[in-house]
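Secondary and tertiary structure notes
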Amino acid sequence: MATKLWNSTAPASEFRPYVDASTTLTEFSWRAVILGSLFGILFGAVSVYVGLRAGLTVSASIPISVLSISILRAFGRSTILENNIVQTTGSAGESAAAGVIFTLPALIFLGFSLNTEYWRVFFLALIGGWLGVLLMVPLRRQLIVKEHGNLTFPEGTACADVLVAGERGGSFAGRVFWGLGLGGVYTFCMNTLGMWPGQPEYRPSWLPGASFRAAITSEYLGVGYIIGPRVSGTLFAGGVISWLVLMPAIKFFGSLSPTVPLYPSTVPIPQMTPDQLWASYIRPMGAGAVAASGLITLIKTLPTIYSALTAGLEDMRKGREAAAAMDRTDRDLSMRFVLIGSAVLLAMMWALLKFKPVPGAQTGAFANLIAAVFVIVFGFLFVTVASRISGLIGNSSNPISGMTIATLMATCAVFLVIHWTANAYAVLALTIGGVVCIAAAIAGATSQDLKTGYLVGATPFRQQIGLIIGVAVSAFAIGGTLILMNIGLAQYKPMQIPLSIDNLPTGVERQDNSFQHEGRTYVLVNALGSGVVPDGKYLYDPATSQIEIQWVQGIGSDQAAAPQARLMATVISGILNQRLPWRLVFLGVFLVIAIEILGIRSLPFAVGAYISIATTMAMFAGGLLRWLIERGTEQKSGAESEVSPGSLYSSGLIAAGGVFGLLAIFLNLLQDPELSKHVPHWLAGAFFLPWPAKIFAFGEKFMPQVSQSPWLGVVMFLLLASSLFFFARKKLD
């Protein structure tokens, strides 16, 4: 029976869970687990799509809770604890996706294939996700129960408020469905039918080197609204500095050298486009800025790290004594399960590295054991840190990338000292960092979910089992989405670069002597950190003795920049191979120091300086819209703002952008004869592949001039923003 007077933010001495410990309600039901698993698959795929494009993800717990209340009610009466299991199981997908996309796509940038690595991504996501859940178990009482009132866990508290307000589930869910429907129509017309351009751009002649552009997607608008005007404005400020200050300055001073390229570019600056300026000069600066801001954030949390570690160890020592007589609401998975599970994961990690290494990256049994031990050690450290920080400032602000960079720097420093500098060890370092990143991401989300459970009166060990299931199920979707985007967004661009295949320059290596493309055989070469060939993969034609085609991978292109993963590759390659353009990196470091001195949080600024201004400008539009809506209204608490009408509608816009964006990629794959070769034969037969080329190109066929007008794109984006304004101002019933 629910407590009548319930308040999620009541002081520790007065707080009582919504469902009393002595009350028994349906909780871990089959329908709750199945629905949560389906949401885990859906939001895992959406988070991969949005994260690779925008460089960040947002919490999925609240929209899942809202949808669960509505859907389960349609199948009969549901309990608040069932809905809590749904959101707990489903939110694992978004968290695991964040850890994967921040790291594992770096395989591409290090010169390795990702398209054949589905099972590697699956097992690394599984190991990292399960590790994050298990290592969070002994920390739950300390961080969530004993620190109630001190650690706010904003997303978890807001989610509990949504669940308790379940009687209003129809109104809440309706707002999400409106965003999903209108955002879906908008995305389908833009991405699939091509009725207007997805990225209007203006390159001013009065400011050479600059570019005003915006990727006018529904997900960027929704993300900008949810993160708010301050964070989106800081992100956009970083883009302004990079694209409207530094790039024009590089173009201006570079005019003094009209014929000689300046490292790391291979093209003279006066001949470079804004995209080339960004790729060659801004990205190394941004890498230094993001790395510095991540480490600064980490250093600031050192007291938190120490207190959380000591408190966690103390709680583990007392665990056996306190386990004798526990209430339902205080029952966790046993410490024996945690320890045995961690040992099994260590063995799984070693076996994966030993028996299924990345092709061309074979390492010895001892190195693999060291890697597995590093994963457990760094995993425990940063799971503790991520959980504590998540309680202080929220999971969306958790500096996961900074923790991963610290892991990579420490690992690469050890490798450098013992002369493990070959490409195989770069992959080994990335594997360590990837699993730790996934574990930290899952731990931050797990702590929010367990806080929600604590507030509503759930059974912790059932939530923990739900998280284990959610990680396993969502891992299937994450790897598939990652590879689908890499294949579906890939491009082959003509390019002529003279090259001596028998005397390759430093940073260029031969990968495949018989690469097939459009009926011809090429030599596949990869460039990373070369002063002669820009970073990327190329098709070399022995008949002409030059590179003829650039193979632009889908991940790493302007449509899926994967900024964090590129940063991880830059850090690893820079330390192990010592080919980093350090002067540009230090420019970014000192820029971040200046921002910190000004008292501004440097991490969002650094990310904004690193990714394309097209992304930050669109997100800033969402943040600006929220500022306009909230201007003059009452100041709301964090929990209330998390479940505002605008935030719910924005969650629908984000889901729509991800779902229909992936649909557009899939349809593009089906109608492209070259790309459809990658589809399994049984699937090709089921879909009658390949389809006629450009079968969905409505805009190109029927209104070619109008569909290319950037102004039409701007008008349609403003109409979508107007719908957000309308629904955000319309109160919930």
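As a reminder, the structure under discussion sits directly above these lines.
We now turn to the structure provided with this report. (Residues numbered from 1 in each chain as written. Predicted model: local features only at pLDDT ≥ 70, side-chain atom pairs only at ≥ 80, totals over all residues. Heavy atoms only, no water.)

Another point: the overall build of the protein. Across its full length, the protein holds 26 helices and seven strands. Classification of the 733 residues of the protein by burial places 59% in the buried group. Within the protein, residue pairs in contact and separated by at least 24 positions form 79% of the contacts whose partners lie at least 6 positions apart. Of the roughly 29400 Å² that the protein leaves accessible, carbon and sulfur atoms contribute 65%. (Helix = DSSP H or I, 4+ residues; strand = E, 2+ residues; numbered from the N terminus. Buried < 20%, exposed > 50% of the residue type's maximum accessible area, 1.4 Å probe, protein only. Contact = heavy atoms within 4.5 Å. Areas by Shrake-Rupley, 256 points an atom, 1.4 Å probe, with all protein chains shown as cover.)

Among the structural elements, Leu-416 can be located in helix α14 (residues 400-417). Residue classification places Leu-416 among the partly exposed residues on the basis of a relative accessible area of 28%. Through-space distance from the C-alpha of Leu-416 to that of Ile-575 is 7.6 Å; in sequence the pair is 159 residues apart. When residues no more than four places from it in sequence are discounted, the contact partners of Leu-416 are Thr-421, Ile-575, Leu-576 and Gln-578.

At a closest axis distance of 7 Å, the pairing of helix α3 (residues 80-101) and helix α16 (residues 460-488) adopts a crossing angle of 45°. Comparing their axes, α16 and α3 come out oblique. Relative to α16, the crossing made by α3 is right-handed. Taking contact as the criterion, the partners of Asn-84, Ile-85, Thr-88, Thr-89, Ala-92, Gly-93, Ala-96, Ala-97, Val-100 and Ile-101 in α3 are, on α16, Arg-462, Gln-463, Gly-466, Leu-467, Gly-470, Val-471, Ser-474, Ile-478 and Leu-482. In the contact of α3 with α16, the residues fall into ten nonpolar, eight polar and one charged. (Axes fitted to C-alpha atoms, helices over the stretch in contact; angles between N-to-C directions. Parallel < 35°, antiparallel > 145°, perpendicular 65-115°, else oblique. Left-handed = near helix turned anticlockwise from the far one by under 90°. Nonpolar A, V, L, I, M, F, W, Y, C, P; charged D, E, K, R; others polar.)

Our focus in this paragraph is the pairing of strand β7 (residues 546-552). β7 sits mainly inside the fold: six of its seven residues count as buried. With five bridges connecting them, strand β6 (residues 536-541) and β7 associate as antiparallel partners. Each residue of the ladder has a partner; that of Asp-541, found in β7, is Gln-546. Hairpin connection between β6 and β7: a loop of four residues separates the two successive antiparallel strands, and Ser-545 in this loop has a positive phi of roughly 55°. (Pairing = 2+ DSSP bridges.)

Attention shifts here to a nonpolar patch on the surface. The grouping of Trp-582, Phe-586, Phe-590, Ile-593 and Ile-597 at the surface amounts to a nonpolar patch, some 550 Å² of accessible area in total. Mapping Trp-582 onto the fold places it in helix α18 (residues 582-597). Among the residues examined, Trp-582 registers a relative accessible area of 40% and is labelled partly exposed. (Patch = residues over 30% accessible without salt bridge, like charges linked within 9 Å, V, L, I, M, F, W, Y side chains within 5 Å. Salt bridge = Lys/Arg side-chain N within 4 Å of Asp/Glu carboxyl O.)

Strand order in the open sheet formed by five strands is β3-β7-β6-β5-β4, with antiparallel pairing between adjacent strands. Looking at the sheet topology across the chains shown, the edges are occupied by β3 (491-498) and β4 (508-517). Each adjacent strand pair in this sheet contributes to an overall mean axis angle of 30°, direction not counted.

Quick look at the side chain of Ser-342 now. Along the chain, Ser-342 falls in helix α12 (residues 335-355). With near-sequence residues (within four places) excluded, Ser-342 lies in contact with Leu-134, Leu-135 and Ile-376.

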